[in-house]
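Fold and geometry: a report
Single-letter residue listing:
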Amino acid sequence: MFADKTLWKDNGARRRWTAALVLSLLLLSLPWIVRLNGQPHADWQQFLGRFHPLAVHLPVTLILLVPLLELGGRRKPALREAAGFVLVLAFAGCIASVMLGYLLAFGSGTAGPGVTRHMWGGILLTVCTMLCLLTRPLWSALPTDKVYPALLTITLIMMMWAAHQGGSLTHGSNYLTMYAPRPIKTIASLGRSQAKSDSFYVQHIAPIWDKKCLSCHGDGKVKGDLRMDTFEALMVGGKDGSVIVPNKPDDSLLLKRVTLPESHKQFMPAEGKPPLSKEEIAWIRAWIQQGASPTTTHLAGISIRQDSDVPLEPVGDYSALQPEIERMKNAAGAKLLTVSAKPSDGLILNTLDVAGNFGDAQLAQFEKYAPFIVEVDLARTAVTDASFSTLAKFTHLRAIHLDNTSVTGNGIEKLAGLKHLTYLNLSGTKITSEDAARLKSLTSLQHIYLFNTPAQPLAPAEARKTS
Amino acid sequence: MKQHPLCTDTEHELDISRLALPAEVRREWASLQTRRHFLGRAGKVMGWAAMASLVGDRALQTHASSPKTPAGAPGPDELKLPHFAPKAKRAIYLFMSGGPPQLDMWDYKPNLAAQYDKDIPDSVRGVQQVTGMTAGQARFPVAPSHWDFKRYGQSGTYVSDLLPYTSKLVDDLTIIKSTNTDAINHEPAIMLMNTGNMNAGKPCLGSWLAYGLGSMNDNLPTFLVLQTKLNPKQDNQPVSSRLWGSGFLSSEYAGVSLRSGGEPVLYIDNPDGVDSATRRQMLDAVNQINRETYEEVGDPETNSRIAQYEMAYRMQTSVPELADFSKEPQTTWDLYGEEAKEPGTFAYNCLMARRMAERGVRFTQVYKRGWDVHGNVVGTLPQLCEEVDRGCYALVTDLKRRGLLDDTLVIWGGEFGRTVYSQGGLSRENYGRDHHPRCFTTWMTGGGVRPGISYGETDDYSYNVVKDPVPVRDFNATILHCLGIDHNKLTYKYQGLDQKLTGTTPANVVQGILA
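Along each chain, residues carry numbers from 1 onward, in the same order as the chain's sequence is written. The naming scheme follows written order: chains are lettered A onward, ligands numbered 1 onward. Per-residue local features of the predicted model are confined to residues with pLDDT of at least 70, and side-chain atom pairs are confined, for both listing and counting, to 80 or more; whole-chain, interface and lining totals are unaffected and use all residues. Hydrogen atoms and water are omitted, and side-chain values are computed over all heavy atoms in the structure.

**Let's talk about the overall build of chain B**
A tally of helices and strands in chain B yields 13 helices and 17 strands. Only protein chains enter the calculation, and the probe is 1.4 Å; a residue is then buried if its accessible area is under 20% of its type maximum, exposed if over 50%, and partly exposed in between. When burial is assessed residue by residue, chain B has 51% of its 515 residues classed as buried. When contacts within chain B are restricted to residue pairs at least 6 apart in sequence, long-range pairs at least 24 apart make up 78% of them. Computed with a 1.4 Å probe, the accessible areas rest on the Shrake-Rupley method; for each residue, only the protein chains presented here act as cover. Carbon and sulfur atoms make up 53% of the accessible area of chain B, which amounts to about 23900 Å² in all. Helical segments are the DSSP runs of H or I of at least four residues, strand segments are the runs of E of at least two, and each set is numbered from the N terminus. The contact criterion used is simple: two residues touch if any of their non-hydrogen atoms lie within 4.5 Å.

**A closer look at the pairing of strand β11 (residues 440-446) of chain B**
Residue and element names in this part refer to chain B. Among the 7 residues in β11, 7 count as buried, and that is most of the element. Two strands qualify as a pair provided that DSSP identifies no fewer than 2 bridges between them. Of the pairings in the sheet, the one linking strand β8 (residues 408-413) to β11 comprises 4 bridges and is antiparallel in character. If you follow Trp412 over to β11, its bridge partner there is Trp443.

**Observations concerning the interface of chain A and chain B**
Contact residues are listed per partner, giving 29 residues for chain A and 32 residues for chain B. Carbon and sulfur atoms make up 43% of the surface buried where chain A meets chain B, a total of about 2300 Å² over both sides. Throughout this description, the term salt bridge denotes a Lys or Arg side-chain nitrogen within 4 Å of a carboxyl oxygen of Asp or Glu. Inspection of the region where chain A meets chain B yields 2 salt bridges. The closest approach of N and O atoms between Glu375 of chain A and Lys89 of chain B, which form a salt bridge, is 2.5 Å. Whenever a nitrogen or oxygen atom comes within 3.5 Å of another N or O atom, the pair is scored as a polar contact, on the condition that within protein one atom can donate a hydrogen and the other can accept it, and that pairs from neighbouring residues in sequence are kept only if both atoms are in side chains. Connecting chain A to chain B are 8 residue pairs in polar contact (both at pLDDT 80 or more). Sorting elements by how many residues they give to the side of chain A that touches chain B places helix α15 (residues 322-330) of chain A first, with 3 residues. Each residue receives one of three labels: charged for Asp, Glu, Lys and Arg, nonpolar for Ala, Val, Leu, Ile, Met, Phe, Trp, Tyr, Cys and Pro, and polar for the others, Gly being one of them. For the side of chain A that touches chain B, the residue count by class is 7 nonpolar, 11 polar and 11 charged. Accessible area, probed at 1.4 Å, shrinks when two parts are joined; the buried area is that loss added up over both.

**With respect to the side chain of Ser167 of chain B**
Residues and elements named next belong to chain B. Residue position: Ser167 is located in the loop between β3 (157-160) and β4 (174-180). A relative accessible area of 1% means that Ser167 is categorised as buried. A distance of 2.8 Å separates a polar side-chain atom of Ser167 from the backbone oxygen of Leu163. Within the local environment of Ser167, its side chain forms a polar contact with the backbone oxygen of Pro164, the two atoms lying 2.9 Å apart. Residues contacting Ser167, with those up to four places away along its chain left out, are Tyr152 and Val159.

**What to know about a nonpolar patch on the surface**
Residue and element names in this part refer to chain A. Nonpolar side chains collect at one region of the surface, where Trp44, Phe47, Leu48, Phe51 and Leu54 lie side by side and expose about 570 Å² of accessible area between them. It is helix α3 (residues 43-49) that contributes the most residues to the nonpolar patch, 3 residues altogether. Note on placement: Phe51 falls in the loop between α3 and α4 (52-55). Residues enter a patch when their relative accessible area is above 30% and they make no salt bridge; the linking distance is 9 Å between like charges and 5 Å between nonpolar side chains (Val, Leu, Ile, Met, Phe, Trp, Tyr).

**Concerning the pattern of salt bridges**
Close approach of charged atoms allows side chains of opposite charge to pair. Residue and element names in this part refer to chain B. Enumeration over the complete set of coordinates arrives at 40 salt bridges over all chains. Here Arg359 ties to Glu321 by a salt bridge, and the two come within 2.8 Å at their closest N and O atoms. One end of the pair, Arg359, is in the loop between α11 (346-358) and β7 (363-368); the other, Glu321, is in helix α9 (residues 300-323), with 38 residues separating them in the sequence. The class of Arg359 is buried, set by a relative accessible area of 6%. If you follow the salt bridges from partner to partner, you end up with Glu321, Glu328, Arg354, Arg355, Glu358, Arg359, Asp398, Arg401 and Arg402 in one network.

**A closer look at the environment of Gln266 of chain A**
Looking at where Gln266 of chain A falls in the secondary structure, it is placed in the loop between α13 (253-259) and α14 (278-289). Sequence separation between Gln266 of chain A and Lys256 of chain A is 10 residues; the distance between their C-alpha atoms is 9.5 Å.

**Side note on the packing of aromatic side chains**
Aromatic pairing here means that ring centres of Phe, Tyr or Trp (its six-membered ring) are within 6.5 Å. Orientation follows from the plane angle: under 30 degrees is stacked, over 60 is edge-to-face, and everything else is tilted. A full pass over the atoms with the stated rule returns 31 aromatic pairs over all chains. Judged by centre distance (5.7 Å) and plane angle (50 degrees), the ring pair of Trp32 of chain A and Trp120 of chain A falls under tilted. On the criterion of sequence distance, the pair formed by Trp32 of chain A in helix α2 (residues 11-33) and Trp120 of chain A in helix α7 (residues 113-141) is long-range, its members being 88 residues apart. Trp120 of chain A sits in the partly exposed class, given a relative accessible area of 23%. Their ring planes at 45 degrees and their centres at 5.5 Å tell us that Tyr165 of chain B and Tyr393 of chain B sit as a pair that is tilted. Of this pair, Tyr165 of chain B sits in the loop between β3 and β4 while Tyr393 of chain B is found in helix α12 (residues 377-401), placing the two residues 228 residues apart along the sequence. Overall, Tyr165 of chain B belongs to the partly exposed group, its relative accessible area being 26%. Taken together, Tyr93, Phe95, Phe223, Trp244, Phe363 and Tyr367 of chain B form an aromatic cluster joined through their ring pairs. Just above the ring of Tyr116 of chain B sits the side chain of Arg428 of chain B; from NZ or CZ to the centre is 3.6 Å. Criterion for a charge above a ring: Arg CZ or Lys NZ at most 6 Å from the ring centre, at most 35 degrees from the ring normal.

**Overview of the nonpolar core**
Considering soluble globular proteins, one finds that nonpolar side chains tend to be buried as a cluster. Residue and element names in this part refer to chain B. Counting 62 residues, the largest nonpolar core has Leu94, Trp106, Leu395 and Trp443 as its most contacted members. Listed by contribution, the elements that provide at least two residues to this core are β1 (90-96), β5 (223-227), α9, α10 (330-336), α11, α12 and β8. Examining the composition of this core, we find that 12 residues originate from one element, α12, more than from any other. Other than its neighbours up to four places away in sequence, Leu395 contacts Ile92, Leu94, Tyr336, Cys350, Ala353, Arg354 and Val410. In this structure, Leu205, Phe363, Ile453 and Ile513 belong to the second largest nonpolar core, which totals 52 residues. The term nonpolar core refers to a set of buried residues drawn from Ala, Val, Leu, Ile, Met, Phe, Trp, Tyr and Cys, joined through side-chain atoms within 4.5 Å.

**Focus: unusual backbone geometry**
All names here are of chain A. In this structure, Pro269 follows Met268 across a cis peptide bond, with omega equal to -10 degrees. Note on placement: Pro269 falls in the loop between α13 and α14. Its identity as a non-glycine residue notwithstanding, Asn247 has a phi of 70 degrees, on the positive side. By the secondary structure assignment, Asn247 is in the loop between α12 (231-236) and α13. On the accessibility criterion, Asn247 (44% relative accessible area) is partly exposed.

**Digging into the packing of α7 of chain A against helix α8 (residues 147-171) of chain A**
Residue and element names in this part refer to chain A. Whenever a helix is involved, its axis is fitted only over the stretch in contact; in every case the axis is a line through C-alpha atoms, and angles between N-to-C directions fall within 0 to 180 degrees. It is the contact of α7 with α8, at a shortest axis distance of 8 Å, that shows an interaxial angle of 160 degrees. In terms of orientation, α7 and α8 fall into the roughly antiparallel class. Relative to α8, the crossing made by α7 is left-handed. For the contact of α7 with α8, the residue count by class is 18 nonpolar, 9 polar and 2 charged. Note that the term roughly parallel is reserved for angles under 35 degrees, roughly antiparallel for angles over 145, roughly perpendicular for angles of 65 to 115, and oblique for everything else. By convention, the crossing between two helices is left-handed when the near helix turns anticlockwise from the far helix through less than a right angle, and right-handed when the turn is clockwise.

**Here we look at the sheet that holds strand β5 (residues 423-425) of chain A**
All names here are of chain A. Strands sit in the order β1-β2-β3-β4-β5-β6 across an open sheet of 6 strands; the sheet is mixed. Single-partner strands in this sheet number two, and they are β1 (335-338) and β6 (447-449). On average, each strand axis in the sheet is tilted by 15 degrees relative to the strand beside it, whichever way the strands run. Where strand β4 (residues 399-401) meets β5, 3 bridges bridge the pair, whose relative direction is parallel. Directly across from Ile400, in β5, lies its bridge partner Leu424. Taken strand by strand, α15 contacts β1 and β2 (347-350), and its axis lies near 110 degrees from that of β1.

Shown next, in the form of structure tokens:
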């Protein structure tokens with residue numbers, strides 16, 4: 001395996017290998033020598049330990065640098081010389097980080113599967129780095145040797161894994177994927193069971209834990225022996241006993257700790273993480289007050305506003321049309337306004353300036369913008385029933401104002417294809433309730449206004465039922 | 001100065017800096033330009049000039065301006081507004097100038113009946129200053145409200161008997177009982193409410209909106225102000241155009257105040273013998289002269305002037321149409337009452353506000369004066385409430401049935417509240433109330449706010465806020481939020497500050513009242 005036996009036989013090399021073996025054994029047995037039992041220990045340990053997040057970035061960078069230097073060394077031998085030195089530094093950094101990390105975990109009494117994973121990651125990474133260091137002289141003497149490159153690759157992978165575990169401990173395991181595009185999210189959550197329930201706990205209480213508590217009390221990190229990632233674990237409580245006493249919010253430790261003054265030592269969430277909002281506290285209080293049940297679906301006195309905000313469906317890219325839109329803005333006539341600074345929120349067709357002169361023909365001219373328009377304001381314009389077939393092509397429409405126009409409802413069923421339509425104003429038109437009813441297939445429609453029409457001026461809620 | 005080696009002149013050069021002269025004379029000499037200085041600096045100037053031409057117009061843009069953005073500041077397009085998709089496109093602000101008494105209208109304190117004529121406890125009143133009008137009083141006797149409160153709507157909100165119409169709306173309203181201000185007198189308080197600063201000279205809410213969001217209808221001003229006719233029986237504190245002024249923003253963004261009686265805008269019709277074409281010709285000529293002035297002087301206000309002439313010209317047709325109520329159906333009069341037919345009444349202004357909302361006016365502010373009830377609350381308050389109650393109800397109901405409330409924010413409020421203790425004599429029949437900045441009630445409804453809730457709580461005396469205080473800056477930040485504006489981002493550089501409506505004290509959007 002080791003091509004150059006003379007190197008191996010060299011006394012110095014043997015001593016190095018022996019020292020490495022001892023150190024490896026020592027590192028690997030560390031978790032058994034000093035057990036992480038979830039109990040906090042001396043403050044000085046925590047003080048030093050808290051430099052771990054600072055120190056840990058040093059070896060990460062250095063290890064990343066090594067393969068770059070080795071590759072670059074093909075052209076510039078000086079780089080390869082530097083690589084050896086960087087590797088030594090990386091190893092020293094690894095040792096320091098492992099020690100500090102161990103002090104942090106031991107001192108603060110942090111334990112849990114995530115902590116264990118991160119600990120093993122760190123230890124194994126240190127061992128790998130050391131092996132790299134030892135095998136590198138062989139490789140520099142005989143570049144066909146494959147041991148060092150292989151070890152270096154393993155080290156890199158090891159480092160990424162260990163670093164990711166560490167990141168998850170600090171920021172929570174969903175930190176990376178929380179704002180990821182949906183496809184990535186589904187891939188990331190594959191294999192994770194998602195509790196589907198409409199109980200108040202699952203819908204409203206557990207998400208608070210998710211957002212504010214799980215980064216320290218979840219499956220990654222378990223501080224104070226308290227896990228909150230499952231209902232059962234939550235009810236078991238932590239090292240100070242149960243944290244939730246059903247029906248007795250004032251005796252529940254959890255509620256006590258989150259409602260302390262923010263400067264208090266025991267205030268939760270600790271370490272300056274975002275505190276719970278008043279509303280969240282009120283929900284937790286009511287939930288405990290009313291039995292802290294995992295299944296109850298409704299709590300007396302708490303009405304949760306349904307987030308009726310369907311996230312806006314982004315419209316496509318219309319930057320090619322932008323010059324024309326700008327020209328319209330500065331000219332007399334109908335204009336396309338942007339919903340917000342975000343182009344993908346879409347455009348609003350505004351005809352208020354020119355309402356009297358805006359008819360079906362003018363509307364038809366906007367067809368080329370059709371997929372990008374989310375709202376058309378045609379109130380008091382000269383459009384007629386012929387506008388319905390044009391509007392049907394505006395597939396992203398959320399709101400249509402047709403109030404005080406001469407539409408009669410003939411052909412209104414053409415709008416039934418507008419899947420995003422939530423608002424339709426037909427006040428002051430000749431529309432009848434039969435015509436309005438022809439939109440009943442439009443499940444997205446929340447507000448339909450029929451004031452001052454032959455149809456009954458219904459309240460929106462009733463209109464919803466009939467239409 | 002050192003002698004040049006080739007210089008044969010044996011005379012020593014006169015070295016001013018070594019002469020026995022006063023220090024400042026020597027300094028002045030040193031600072032004077034020598035030929036060498038001049039040449040040296042000229043070289044640098046050339047360098048800068050070359051760089052400016054390389055960088056192009058961009059470097060000069062802060063000084064230049066186009067007619068669309070008169071002050072040389074970014075216009076709505078460049079401001080990238082709204083910052084996010086707004087819930088409301090426009091707002092109507094019903095401003096109750098003088099300070100409506102929250103205790104007699106919204107903030108129900110049933111326990112006060114038993115406290116009649118007892119002194120308000122020092123623990124409640126604290127040590128803060130009261131106004132000069134009551135500071136001399138020997139006692140601060142509690143004056144419970146003269147009127148009963150009843151519960152209304154599904155939300156079961158208590159509303160005073162003084163508001164039989166508005167009380168029908170409670171399930172649509174977001175009632176804020178914990179609004180509070182820093183000012184205790186009318187002028188600073190009303191300035192603070194409108195401009196975010198007690199001192200005059202800052203742009204008001206409406207101007208910020210006009211500046212930030214721009215117009216939806218080029219034929220009407222973006223920001224209109226309607227004043228309600230004075231009722232001489234009431235104690236009318238003055239309101240002035242400072243309240244709708246644009247401060248350091250271009251005067252184009254100032255509110256346009258329509259008259260409360262007669263023609264809404266004076267001299268808007270062409271005089272006899274002048275037809276529209278003549279008017280147009282005249283305006284073109286005036287604009288030409290103004291543009292020349294601008295080229296010569298470069299004052300951005302010249303461009304504002306051009307824009308205003310043009311606006312006035314367009315308003316010659318749009319305002320008469322706006323003020324023509326003849327096509328309003330009978331249902332309108334059934335809702336607003338016959339009073340709405342009389343120009344200048346609050347009901348008329350409410351109807352006008354609805355018509356403006358329909359026509360895309362971004363911000364309408366309706367002022368109603370007379371709420372300064374220092375004495376004779378029992379005599380004056382019913383009048384005041386009667387004047388506004390139906391109008392408020394009608395406006396919100398009308399907007400709602402016409403489908404306009406979804407994207408219109410309606411705001412109701414004054415500049416401060418009134419005290420629980422009586423100013424002047426207290427009897428079972430009558431009492432007075434002094435200014436009270438520490439808590440007052442406002443309400444909002446429509447696009448962006450959560451209907452059917454009361455937000456914030458006051459103590460048993462409606463004296464201090466005990467839960468969820470809403471200072472003026474938060475109130476205004478929330479209004480901007482509903483219109484899609486991040487109050488921290490809508491700024492304008494002036495006097496070395498990034499000026500903003502909510503001022504320098506950090507302000508927060510009141511999340512608890514958002515829909």
